Amino acid sequence: MKENFSKYIIIGAGLSGLTSAYKLFGQGVSNFTVLESRDRIGGRIVTQDGIDFGATWFQTHHEAVIELLNELGIEKYHQYNKGKSVLVYSTMAPEHYFENDPNTPSAYRIKGNSQALIHALAKPVLDKIQTNTNVLSISETEEGVRVETDRGLFYGEKVIVTIPPKIATRISFSPELPVEVGVVMDKTHTWMSNAIKVGLTFKEPFWRNKNFSGMLIGQVGAVTELYDHNDAENSHFALMGFVNEGLRDTSEANRKQRILDYLSKYLGPEVLEYLTYEEKDWSKDKHTSCETIKSIYMSPSYGNPVFDKSYLNGKLRFSGAETSLVHGGYMDGAIISGINAAQKIMG
Ligand SMILES: Cc1cc2nc3c(=O)[nH]c(=O)nc-3n(C[C@H](O)[C@H](O)[C@H](O)COP(=O)(O)OP(=O)(O)OC[C@H]3O[C@@H](n4cnc5c(N)ncnc54)[C@H](O)[C@@H]3O)c2cc1C
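The shown structure was predicted, so the numbers you read here are calculated from the model rather than taken from an experiment.

(A) Region of the structure containing the site of the ligand. Lining the immediate environment of the ligand, one finds 36 residues, of which Glu36, Arg44, Trp57, Ala321 and Gly329 sit closest. Between Arg44 and the ligand, the recorded distance is 2.8 Å, taken from a backbone N or O atom to an oxygen atom. With respect to the ligand, the backbone of Val135 contributes an N or O atom lying 2.9 Å from a nitrogen atom. Against a free-state accessible area of 1,000 Å², the protein chains account for coverage of 97% of the ligand. Tallied by class, the residues present in the shell around the ligand amount to 19 nonpolar, 14 polar and three charged.

Structure, rendered in structure tokens:
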């Protein structure tokens with residue numbers, strides 16, 4: 001048997017790849033390898049200082065997320081939204097305040113942050129995941145597939161590619177994929193790859209103490225959306241939100257200053273007493289993005305039928321949030337595609 005051979009190879013240790021790995025393992029399959037280019041698992045799910053810099057929320061209709069959390073024994077809780085929220089719709093008009101309807105439940109968050117889901121999925125299969133391994137090419141061989149990486153060659157019978165389609169175009173496939181598949185991959189916007197998140201931690205939840213919900217909404221300022229980001233136990237205090245993409249190309253110091261000015265204007269000078277301040281611009285992360293982030297709010301269409309077919313004579317399948325027809329782009333889509341891919345590759 002060839003060195004580095006496993007029956008199945010999963011490329012990408014994000015939510016989709018880890019769901020496939022977890023499901024394969026649950027079906028008694030243990031002969032597989034997960035190859036991940038980053039030095040960490042989780043992909044677009046990453047938590048730092050108790051702040052989710054990637055995926056955060058889900059709703060009641062995200063049934064695959066809820067089912068998987070239940071299966072893994074992970075609790076969910078509601079996004080905090082009590083008290084006054086701030087709406088800034090013009091720089092010339094005064095801000096508006098509103099209260100969220102207590103009868104309309106807010107979105108859910110994951111107890112232990114979104115990373116809890118990633119860690120629970122990976123736990124039984126950790127020894128099968130190889131990080132720092134960038135896949136460069138995938139070729140069909142007589143017996144299966146050959147995957148070339150910057151850490152050597154890997155062989156398998158079949159492969160699941162969970163890399164966002166847009167950046168999977170960097171991989172060379174042999175034989176080449178049908179032209180229309182390449183065209184669709186290239187046109188499939190990677191959901192949220194243009195987002196810039198900011199997160200701040202505090203000694204006290206000063207906004208709650210002042211009867212603010214922490215919600216600050218408006219397209220005209222340095223931060224377009226901000227939310228309370230305390231943990232489920234209300235023992236770790238944080239605010240998290242999305243930075244106005246107009247500030248992407250300004251200097252780091254200037255952006256930070258403008259964000260702090262904006263937040264302290266509407267929530268109070270206590271903002272300046274933060275313990276930690278962190279930003280993440282996903283467009284600058286080569287494991288998620290490519291250099292062509294131009295338009296801000298695209299209307300992406302996901303789950304193109306080309307992703308439901310197999311390639312390389314049935315030896316390659318695509319998976320990942322953007323390949324899902326149901327809730328494409330979201331965690332729910334990533335999980336649904338991961339479950340489908342695991343089932344189909346075994347079938
Ligand atoms: C800022 C932000 C906020 C979000 N908010 C929400 C939210 O609130 N709710 C929600 O439902 N969803 C949200 N999402 C979307 C959610 O994060 C994704 O749907 C989900 O995490 C995608 O999982 P995935 O496995 O399909 O892809 P990814 O997480 O992108 O995983 C793909 C993996 O492939 C790896 N990879 C890339 N290239 C290679 C290569 N050449 N070789 C090997 N490995 C490679 C990557 O490093 C990555 O780990 C958000 C995303 C972002 C970025």
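(B) Molecular detail of the sheet that holds strand S17 (residues 237–243). What the seven strands build is an open sheet, ordered S7-S6-S15-S16-S17-S14-S18; its pairing is mixed. With partners counted over all chains shown, the strands left at the sheet margins are strand S7 (96–99) and strand S18 (276–281), one partner each. Pairwise comparison of adjacent strand axes, ignoring direction, gives a mean angle of 20° for this sheet. Relative to S7, strand S6 (residues 84–87) is paired through four bridges, and the arrangement is antiparallel. Across the sheet, the residue bridging to Val86 is Tyr97, located in S7. Each of S6, strand S14 (196–202), strand S15 (212–217), strand S16 (223–228), S17 and S18 touches helix H7 (residues 252–267); the most contacted strand, S18, lies at about 120° to it.

(C) Representation of the pattern of salt bridges within the structure. Scanning all chains against the criterion turns up 18 salt bridges. With a shortest N-O distance of 2.8 Å, Asp281 and Arg248 are connected by a salt bridge. Of this pair, Asp281 sits in strand S18 while Arg248 sits in the loop between S17 and H7; the two residues are 33 residues apart in sequence, bridging distant segments of the chain. Exposure class is identical for Asp281 and Arg248. Each is buried. Ionic pairing is found between Arg255 and Glu279, a salt bridge with its closest N-O pair at 2.8 Å.

(D) Molecular detail of helix H3 (residues 115–122). The buried fraction of H3 amounts to six of the eight residues, a majority that puts the element mostly inside the structure. Buried within H3 we find Ala116, Leu117, Ile118, Ala120, Leu121 and Ala122. Considering only its buried residues, H3 is in contact with helix H1 (15–26), helix H2 (63–72), strand S8 (108–110) and strand S9 (129–130).

(E) Quick peek at the layout of surface pockets. Estimates place the volume of the second largest pocket at around 310 Å³. His78, Gln79, Tyr80, Asn81 and Lys82 are, among the 20 residues lining the second largest pocket, the residues nearest its centre. Its residues assigned to classes, the lining of the second largest pocket comprises five nonpolar, nine polar and six charged.

Conventions used here
Residues numbered from 1 in each chain as written. Predicted model: local features only at pLDDT ≥ 70, side-chain atom pairs only at ≥ 80, totals over all residues. Heavy atoms only, no water. Near = heavy atom within 4 Å. Polar contact = N/O pair within 3.5 Å; in protein donor to acceptor, adjacent residues only side chain to side chain. Areas by Shrake-Rupley, 256 points an atom, 1.4 Å probe, with all protein chains shown as cover. Nonpolar A, V, L, I, M, F, W, Y, C, P; charged D, E, K, R; others polar. Pairing = 2+ DSSP bridges. Helix = DSSP H or I, 4+ residues; strand = E, 2+ residues; numbered from the N terminus. Axes fitted to C-alpha atoms, helices over the stretch in contact; angles between N-to-C directions. Contact = heavy atoms within 4.5 Å. Salt bridge = Lys/Arg side-chain N within 4 Å of Asp/Glu carboxyl O. Buried < 20%, exposed > 50% of the residue type's maximum accessible area, 1.4 Å probe, protein only. 1 Å grid on protein atoms, 1.4 Å probe; cavity = no way out; pocket = protein on both sides within 12 Å on 5 of 7 lines; lining within 4 Å. Points joined across faces, edges and corners; volume = space filled by probe spheres on them.

What is shown is where atoms sit, not what they do.
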